[in-house]
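# Structural features, examined
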Amino acid sequence: MSQAKFILINGKVICPRCDGNGIIYRATLLPSSEKIFICDECEAIWLNTDINKSNFKDFTTHIRSLGYSYNQVELSNINYDWYKTSDKTS
């Protein structure tokens, strides 16, 4: 995986989709246990650290593609400082 370049404001990764109005955090999507990166403002998600405006997925569309409704999922292990660790995928 290539080294991603993130735009930081106040030490947090900002969302490229909503022009910096949201901050991206890493979370575990339950019940699937999938690791996702999600904007706290527009709910754009990424499945890896290749975070840019052209490759996001919509959160609701993604969970429906997994066979879940919005009320059937939960986010756990929320981490806004994920980019500071050496293992960005866990």
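The structure under discussion appears in the preceding block.
Quick summary incoming for the structure in this document. Every value quoted in this text rests on a predicted model; they were computed, and no experiment measured them.

Judged by pairing direction, the sheet is antiparallel, and its 5 strands sit side by side in the order β6-β5-β4-β3-β7 without closing on themselves. Pairing within the sheet leaves two strands with one partner each, and these edge strands are β6 (57-58) and β7 (74-79). Pairing between strand β3 (residues 24-30) and strand β4 (residues 34-39): 6 bridges, direction antiparallel. Along β4, the bridge assignment pairs isoleucine 24 with cysteine 39.

Right, let's talk about the pairing of β3 for a bit. Here is the key point about a regular strand: its side chains alternate between the two faces of the sheet. Of all the 7 residues making up β3, 6 are buried; the element is thus mostly covered by neighbouring parts of the structure. Taking the residues between adjacent antiparallel strands as the criterion, β3 and β4 are bridged by 3 residues, where serine 33 takes a positive phi near 65°. As paired elements, β3 and β7 share 4 bridges and run antiparallel to each other. Pairing of threonine 28 across the sheet is with serine 76, part of β7.

Core analysis: the biggest nonpolar cluster contains 12 residues, these being Phe6, Val13, Cys15, Cys18, Ile24, Phe37, Cys39, Ala44, Trp46, Ile51, Trp82 and Tyr83. Among the secondary structure elements, those contributing two or more residues to this core are β4 and β5 (44-46). Core analysis: the next-biggest nonpolar cluster, separate from the first, contains 9 residues, Tyr25, Leu29, Phe59 and Ile63 among them.

As a further point, take the pattern of salt bridges. It is possible for side chains of opposite charge to pair when their charged atoms get near one another. Under the criterion given, the structure shown has 3 salt bridges. Put simply, lysine 12 and aspartate 81 hold a salt bridge, and the shortest N to O gap is 2.6 Å. Here the residue lysine 12 occupies a position in strand β2 (residues 12-13), and aspartate 81 occupies one in the segment after β7, the gap between them amounting to 69 residues. The exposure class assigned to aspartate 81 is partly exposed, which follows from its relative accessible area of 29%. Across the pair aspartate 81 and lysine 84 runs a salt bridge, and its minimum N-O distance is 3.8 Å. When its relative accessible area of 58% is taken as the criterion, lysine 84 is described as exposed. Through salt bridges that share partners, Lys12, Asp81 and Lys84 make up one connected network.

Definitions and limits used
- Residues numbered from 1 in each chain as written.
- Predicted model: local features only at pLDDT ≥ 70, side-chain atom pairs only at ≥ 80, totals over all residues.
- Heavy atoms only, no water.
- Pairing = 2+ DSSP bridges.
- Helix = DSSP H or I, 4+ residues; strand = E, 2+ residues; numbered from the N terminus.
- Buried < 20%, exposed > 50% of the residue type's maximum accessible area, 1.4 Å probe, protein only.
- Core = buried A, V, L, I, M, F, W, Y, C linked by side-chain atoms within 4.5 Å.
- Salt bridge = Lys/Arg side-chain N within 4 Å of Asp/Glu carboxyl O.

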